[in-house]
Amino acid sequence: MTDNSVVITRSKSTQVEDQFALTPVFSDGLGQLNQYQQQAWEVFKTLPYPSDTQEAWRRTSIRALKLGKLQLAGSNTNSQIPAELTKPLTDDLHGGEILFNGSQVTIELDEKLARQGVVFTDLRHAQTEHPEILSKVLQASKTYSEDKFAALAAAFGSNGVLLYIPKNVTVEKPLHSLFWTAGEGSLHAFQVFVFLEENSSATYVHESASAESKQGQNLHAALMDVKVGPNSKLNFVELQSLSSRDWNFTHEKVSVDSDAEVDWIFGALGSHLTKNFSDLNLVGRGSTGKMSGFFFTNGDQHLDHDTQQNHLAPNTTSDLLFKGALLGESRSVWQGMIYVAENASKTDGYQANRNLVLSDKARADSIPGLEILTDDVRCTHGATVGKLDTDQVFYLESRGIPRKEAEKLIVEGFFDPIMQRIPFEGVRKRFQNAIEQKMREY
Amino acid sequence: MSELDIHDLKVSIEGKQILNGVNLNVKQGEVHAIMGPNGTGKSTLAYTLMGHPSYTVNSGSATFKGQNLLDLAVDERSRLGLFLAFQYPVSIPGVTVANFLRTAVNARRKALNPEDKGIAIPEFRKLLMEKMSILKMDSSFAGRYLNEGFSGGEKKRAEVLQMAILQPEIAILDETDSGLDIDALRIVSEGVNLLRSQNIGVLLITHYQRMLNYIKPDVVHIMMGGAIVESGGADLALHLEEQGYDWVREKYENGTPSVN
Ligand SMILES: Nc1ncnc2c1ncn2[C@@H]1O[C@H](COP(=O)(O)OP(=O)(O)OP(=O)(O)O)[C@@H](O)[C@H]1O
Ligand SMILES: [Mg+2]
């Protein structure tokens, strides 16, 4: 007898099982922010969901994300922000701080900075108070057309941060913003626009964090568009400590003009799943970009960082170091590309990714890449995935240090080179505490 | 008084027995030298006493200060007063010498008193700088990653520095002399002698007489085929230097241990 039952195989490209049913609310249809959102919404509707047949999504599946169950984040989703998150990250007090908590936004900016023309505010206020500047950044930003989630972030991102530093202004004190969310099964979208005019400098720390919830999945979509003008310098620190129910999708672009410099730091500790695209675009001659990332995953976390160092002008320098440690059944992916355009001669590109896999069930994928279209460049890369070395542990134990502490010391040592690249005591402390907490699981 | 007592110790690694019944007794204040050809199990003995997880003790015993050493965790052995200066110290990237040693000192204090808040940083710095100057180590070593990029001799010096700070009661020095230049050999030996005056017991594994010129042994043992086959006074080392190991081999028929 032959079996006549029909076997149905699910098509591989079907990534999302149920359909996203939300529509953005355009509250003031005439404002430029709404117009921009509407454009993004139109793009959103035409774009397909990412599929695991695409290289960038091969290792990060969104199949288990229940898009159909998502609700718009209501105005009742604000909750107490943990004090730790608003502590200054340096000895200096903040030059300005913006806290987003549900529908509540509090904005502070040093008066002196405001008088110098520095804008550090949310997008809603920017629309009424600084329409020309907002228009300048919105018109220049096409990041939302990158993919479905980028479009989603822009279409639903009815608020966010605008940081603008005028020409010849140096901002010494760090500026800090926190996007804090709470809720069960909600969609949170957010956008950050940074614009440094010529010959200026600033330090900006942005953190995304959320409250742990009991059930449901939250979707976090964010978009960051950063421009560093000629001969300017930006220190940009991003911290991510989202809850274990958050699915986090971010598209970030930093474009660096002639002789300008960005020092870009990523710290990722949270979220259930993250897919982050970070592009460093060295568009001006002699520009420099440094990218430093650290992550520490546990449980069933899945963090995927996709970095791009694009050398688009001559004499440009990039230097990337990402370091991660993994516990439990967690996974990390780092996929990095150095691209050197035909005209970008005398370029120096470097990328390294080092992973410490602390559990047999954890896994780190490290995929460096080079695409070089010109001669006279120096590009090097390296990637390693290793375990805790038993001889190192033994050595420390032989000096009377208990096993657990020995292991913690080695893990801290592993991260030390990346900590050295972070000029903020507060950020280092936060990360050290996180190591301590996560290592209890080891 | 601290005493390390090893009785008929048989040890294997990867299923291969290396130590075939070692007997040894080292008391506080004594210096014992162990000499013997390459691969006879000297380091195996040292590692086993310190508790390296790769070694399996098949039979025999090792007691230290009356406690069964083999039952203790590695860190407990250290805090009890045993120290091993490694033949090949590993490097620990990202962990500075100062941070590492402060952690080690604090681990000792915490074991004595769980409430201990740890050594004050200025006090620790003073201790570290004092010991480093005795060993003629540049103060910049304090901020360097442990053994990372250290030269052979620098590693050995760093081992003795650790010993000077942790103040053990019995120390095993596994070829601490190899890799040291002539001046360093003297400095390091003086460092060991300083501890000796505080009544430390030393088990000194070496291939050469030269360190024994500075640190005078009470007993010299010859190890062959995984056992101590011959013991004598300080002149035994001089004898070996002149004659080599052939006569020992002949006497013990390719390392078959004697029954003592
Ligand atoms: N992992 C291992 N697997 C198999 N054999 C091993 C292993 N480790 C050590 N051995 C063997 O054990 C024997 C004893 O080694 P050990 O290091 O104790 O010698 P040693 O007396 O210290 O020599 P040396 O004077 O060269 O330092 C050697 O033959 C060595 O090859
Ligand atoms: Mg040896």
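The structure displayed is predicted, hence computed values, not measured ones.

A.B. asks: Sorry if this is basic, but what is going on with the coordination of the magnesium ion (ligand 2) here?
C.D. replies: Reference values for coordination geometry: four tetrahedral donors around a metal ideally subtend 109.5 degrees, six octahedral donors ideally subtend 90 or 180 degrees. Residues and elements named next belong to chain B. Looking at the metal site, the magnesium ion (ligand 2) is ligated by Ser43 (OG) and Gln87 (OE1), spaced 2.0 to 2.2 Å from it. Taken as a pair, Ser43 in helix H1 (residues 42-50) and Gln87 in the loop between strand E6 (82-85) and strand E7 (92-96) lie far apart in primary sequence, 44 residues in all. Classification of Ser43 by relative accessible area gives buried; the value is 19%. Judged by its relative accessible area of 15%, Gln87 is buried.

A.B. asks: What exactly am I supposed to notice about the sheet that holds strand E3 (residues 31-35) of chain B here?
C.D. replies: Think of a sheet as strands paired side by side through backbone hydrogen bonds, with each pair either parallel or antiparallel. Residues and elements named next belong to chain B. Spatially, E6-E9-E10-E3-E11-E12 is the arrangement adopted by the six strands of the open sheet, whose pairing is mixed. Because the sheet does not close on itself, it has two edges, and the strands there are E6 and strand E12 (227-232). Recorded for the sheet is a direction-independent mean angle of 20° between the axes of neighbouring strands. As judged from the four bridges shared by E3 and strand E11 (residues 219-224), these two strands associate in the parallel manner. Counterpart to Met35 in the pairing with E11 is Ile222. Its contacts with the sheet put helix H8 (residues 235-243) on E3, E11 and E12, and the angle it makes with E11 is roughly 45°.

A.B. asks: Is there a simple way to explain the site of ligand 1 in this structure?
C.D. replies: All names here are of chain B. Near ligand 1, the surroundings consist of 13 residues, among which Gly39, Lys42, Ser43, Thr44 and His207 are the closest. Within the backbone of Thr40, an N or O atom sits 3.2 Å from an oxygen atom of ligand 1. Here Ser43 contributes a side-chain N or O atom positioned 2.9 Å from an oxygen atom of ligand 1. Bound to the protein, ligand 1 loses 67% of the 650 Å² it would expose on its own. A total of three residues in the shell around ligand 1 trace back to one element, the largest contributor, which is H1. Each residue belonging to the shell around ligand 1 can be placed in one class, and the counts come to two nonpolar, eight polar and three charged.

A.B. asks: Just checking my understanding: could you explain unusual backbone geometry for this structure?
C.D. replies: Excluding glycine, most residues fall at negative phi; most peptide bonds, likewise, are trans. Residue and element names in this part refer to chain A. Positive phi, close to 80°, is recorded for Ser271, a residue that is not glycine. Despite not being glycine, Lys346 has its phi angle at roughly 55°, a positive value. Structurally, Lys346 is set in the loop between strand E17 (331-340) and strand E18 (347-357). A relative accessible area of 52% means that Lys346 is categorised as exposed.

A.B. asks: I keep staring at the interface of chain A and chain B and nothing clicks. Help me out?
C.D. replies: Contact with chain A, which involves 19 residues of that partner, is made by 32 residues of chain B. Taken together, the two surfaces of chain A and chain B that pack against each other cover about 2000 Å², and 66% of this comes from carbon and sulfur. Per-residue buried area on chain A facing chain B is highest for Phe394, Tyr395 and Arg399 of chain A; these three make up 40% of the total on that side. Connecting chain A to chain B are one salt bridge. For Arg399 of chain A, the salt bridge is made with Glu159 of chain B, and the minimal N-O distance between the two is 2.6 Å. The tally of links from chain A across to chain B stands at 13 residue pairs in polar contact (both at pLDDT 80 or more). Going through the elements one at a time, helix H6 (390-397) and helix H7 (403-419) of chain A are the ones with two or more residues in the side of chain A that touches chain B. Broken down by element, the side of chain A that touches chain B gets its largest block of residues, seven residues, from H7 of chain A. Its residues placed into classes, the side of chain A that touches chain B shows nine nonpolar, five polar and five charged.

A.B. asks: Would you mind showing me how to read the pattern of salt bridges here?
C.D. replies: For side chains bearing opposite charge, pairing can occur when the charged atoms are close. Residues and elements named next belong to chain A. Within this structure, the stated rule accounts for 34 salt bridges over all chains. Between Arg63 and Asp52 there is a salt bridge, with the nearest N and O atoms lying 3.0 Å from each other. One end of the pair, Arg63, is in the loop between helix H1 (32-46) and strand E1 (71-72); the other, Asp52, is in the loop between H1 and E1, and 11 residues separate them in sequence. Note on Asp52: relative accessible area 14%, which makes it buried. For the salt bridge of Lys173 with Asp110, the shortest nitrogen-to-oxygen distance reads 3.5 Å. Separated by 63 residues along the polypeptide, Lys173 in the loop between strand E5 (160-165) and strand E6 (175-181) and Asp110 in the loop between strand E3 (104-109) and helix H2 (111-115) bring together distant segments of the chain. Owing to a relative accessible area of 35%, Lys173 belongs among the partly exposed residues under this scheme. Residues joined by salt bridges that share partners form a network here, namely Glu55, Arg58 and Arg59.

A.B. asks: Looking at this model, I keep getting lost on the environment of Arg210 of chain B. Mind explaining?
C.D. replies: All names here are of chain B. Mapped onto the elements of the fold, Arg210 is located in helix H7 (residues 210-214). Judged by its relative accessible area of 30%, Arg210 is partly exposed. In this structure, the C-alpha to C-alpha distance between Arg210 and Arg186, residues 24 residues apart in sequence, is 9.5 Å. Polar side-chain contacts of Arg210 include one of 3.5 Å to the backbone oxygen of Leu180.

A.B. asks: Would you take a moment to explain the pairing of E18 of chain A for this structure?
C.D. replies: All names here are of chain A. Along E18, eight of the 11 residues are buried, which leaves the element largely enclosed by surrounding structure. The sheet contact formed by strand E16 (residues 317-326) and E18 spans 10 bridges and is parallel. Bridged to Ser318 within E18 is Gly349. Direction of pairing for E18 relative to strand E20 (residues 377-386): parallel, over a ladder of 10 bridges. Across the sheet, Asn355 pairs through a bridge with Val385, a residue of E20.

Cut-offs used in this document
- Residue indices follow the written sequence of each chain, beginning from 1 at its first position.
- Just so you know, chain letters begin at A and ligand numbers begin at 1, following the order they were written in.
- Residue-level local features of this predicted model are given only where pLDDT is at least 70; pairs of side-chain atoms are given and counted only at 80 or more, and the full residue set underlies all totals for whole chains, interfaces and linings.
- By convention in this description, side-chain values take in all heavy atoms of the structure and omit both hydrogens and water.
- Because no water is among the atoms considered, metal sites can look incomplete, with donors defined as N, O and S atoms within 2.8 Å of the metal, or 3.2 Å for Na, K and Ca.
- Put simply, DSSP H or I for four residues or longer makes a helix, DSSP E for two residues or longer makes a strand, and each gets a number counted from the N terminus.
- Only protein chains enter the accessibility calculation, which uses a 1.4 Å probe; a residue whose area is less than 20% of its type maximum is buried, one above 50% is exposed, and one in between is partly exposed.
- DSSP bridges decide pairing: two strands pair if at least two such bridges lie between them.
- Helix axes use the C-alpha atoms of the stretch in contact, all axes being lines fitted to C-alpha atoms, and the angles between their N-to-C directions lie in the range 0 to 180 degrees.
- The contact criterion used throughout is that any non-hydrogen atoms of two residues lie within 4.5 Å.
- Near residues are defined by distance, with any heavy atom within 4 Å of the molecule or strand qualifying the residue.
- Throughout this description, a polar contact denotes any pair of N or O atoms lying within 3.5 Å of each other; where both atoms belong to protein, one of them has to be capable of donating a hydrogen while the other can accept it, and for residues adjacent in sequence the pair is counted only when both atoms sit in side chains.
- Method for areas: the Shrake-Rupley scheme with a 1.4 Å probe, in which residue coverage is limited to the protein chains shown.
- Following the grouping adopted for this structure description, the nonpolar residues are Ala, Val, Leu, Ile, Met, Phe, Trp, Tyr, Cys and Pro, the charged ones are Asp, Glu, Lys and Arg, and the polar ones are all others, Gly among them.
- When two parts are put together, the accessible area they lose, computed with a 1.4 Å probe and summed over both, is reported as buried area.
- Every case where a carboxyl oxygen of Asp or Glu lies within 4 Å of a side-chain nitrogen of Lys or Arg is listed as a salt bridge.

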